[in-house]
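Coordinate inspection notes
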Amino acid sequence: MEFKENIKINMRSRILLFLVCSFFLFLNSISISAQKKYVVVLDAGHGGKDPGNLGNGYKEKHIALKVALVVGKKLSNFKDVKVVYTRKNDTYPPLWKRGEIANNAKADLFVSIHCDSHTSNAYGAGTFVLGLRGNKKNLEIAKRENASILLEENYTERYKGFDSNSVESVIGLSLLQEENLDKSLAIASLIQNNFAQKLKRNDRKVKQDNFQVLRETIMPSVLVELGFLTNKNEGRYLNSLKGQSQMGTAIADAILKYINNLKLNTVVDTGIDTTIKKANTIAYKVQIASSKNKIPTKSYNFKGLQNIQRVQVGKYYKYYYDISPDFKEIKKSLKLAKKKGYVSAFIVAFKNGEKISVNEALKM
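None of these values were measured; they are calculated from a predicted model.

**Considering the nonpolar core**
By size, the foremost hydrophobic cluster in this structure holds 44 residues, and its most contacted members are Leu226, Ile251 and Ile255. It is helix H9 (residues 241-264) that contributes the most residues to this core, ten residues altogether. In this structure, Ile282, Ile288, Tyr317 and Ile347 belong to the second largest nonpolar core, which totals 20 residues.

**Description of the sheet that holds strand E2 (residues 81-85)**
Sheet strands line up and pair through hydrogen bonds in the backbone, either parallel or antiparallel. The six strands are arranged E2-E1-E3-E6-E4-E5 in an open sheet whose pairing can be described as mixed. On the outer flanks of this sheet lie E2 and strand E5 (203-209), each paired with one strand and no other. Pairwise comparison of adjacent strand axes, ignoring direction, gives a mean angle of 20° for this sheet. For strand E3 (residues 109-116) and strand E6 (residues 221-228), the ladder comprises six bridges, and the chain directions are parallel. Across the sheet, residue Phe110 finds its bridge partner in E6, namely Ser221. The strands touched by H9 within the sheet are strand E1 (38-44), E2, E3, strand E4 (125-130) and E6, with E1 carrying the most contacts at an inclination of about 155°.

**Topic: the pattern of salt bridges**
Evaluated as defined, the whole model comprises seven salt bridges. Note that Lys97 is salt-bridged to Glu100, the shortest N-O span being 3.0 Å. Residue Lys97 and its partner Glu100 are both found in helix H3 (residues 95-104); the two are separated by three residues, about one turn of the helix. Given the relative accessible area of 31%, Lys97 is considered partly exposed. In this structure Glu100 comes out as partly exposed when scored by relative accessible area, which is 28%. With a closest N to O distance of 2.9 Å, Asp322 and Lys257 form a salt bridge. One end of the pair, Asp322, is in strand E9 (residues 316-324); the other, Lys257, is in helix H9, and 65 residues separate them in sequence. Given a relative accessible area of 5%, Asp322 falls into the buried group.

Each value, and the rule that gives it
Residues numbered from 1 in each chain as written. Predicted model: local features only at pLDDT ≥ 70, side-chain atom pairs only at ≥ 80, totals over all residues. Heavy atoms only, no water. Core = buried A, V, L, I, M, F, W, Y, C linked by side-chain atoms within 4.5 Å. Buried < 20%, exposed > 50% of the residue type's maximum accessible area, 1.4 Å probe, protein only. Helix = DSSP H or I, 4+ residues; strand = E, 2+ residues; numbered from the N terminus. Pairing = 2+ DSSP bridges. Axes fitted to C-alpha atoms, helices over the stretch in contact; angles between N-to-C directions. Contact = heavy atoms within 4.5 Å. Salt bridge = Lys/Arg side-chain N within 4 Å of Asp/Glu carboxyl O.

Below you can see the structure in the form of structure tokens.
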């Protein structure tokens, strides 16, 4: 009798254990299926019948493609990132088609990769977002990249109302692009910062101008100019495996940081009670200033620092530089801020958007 009772208790324990394990496996499966996939569309400029610029005998279309493939390979190592290419070989997708690929993929980000050229010995890397009007020098770059339109069939119908040689064409910007401008500037700043800070490339800054390929997309979008093929040293660097690997890695790292920043501001709805689903998301920032003045968060207002955030607290505005879930990374940002002259800068921490002490955050 006692033996039978022991068997019953044993069976109940096993059934209970099975149910508990099944429940947690179920929760885990929901969490995984609910995890957002960030779609990044990589656009290698030119291609096929359009070689791009041919500075010093190098072909822009080949270099742009090789760098795009480096970026894609690195991003593909992350399960929550899906990479889509507008081309993976020497073909020419029309500019409208590149935007259509991104729009149909419901992309979170569009990155178009190019190389620059100039009649002088200009050099350096720059990143562009779509803007209402650029200066004359930026317009010349936009005109060169937009010239690809003339190679397409029925381009007069497809791009009706768009003049690749006119600044006025920019006035037709969509409201969606305007709404995405802040995010476009954020990823552009991260890319440009990696070029200038990590690779020590000549910093040609983040700029705005009229690129047709950016006009075609309805998500945050940037166009990267890796450097000038017309400059012998820079052309040689960009045509090398080392140069392509370094530039591609710099772009990929910036994209991953951009996605991490998006995650910090995203709560995934799993349909489970909030006491279960809410993650203890920790983010660190560098506070560099506090003022009653509302200052535009442009790099020139903050000694060249990019990725500046402004938060209003009562009558004051607090200005933060950079954001990261990694304390070691934010310490590097603090060091750079102090080097730029913000000697009283300090690190602050946030949990699910609420400010907490740094010590408390480190314990978590």
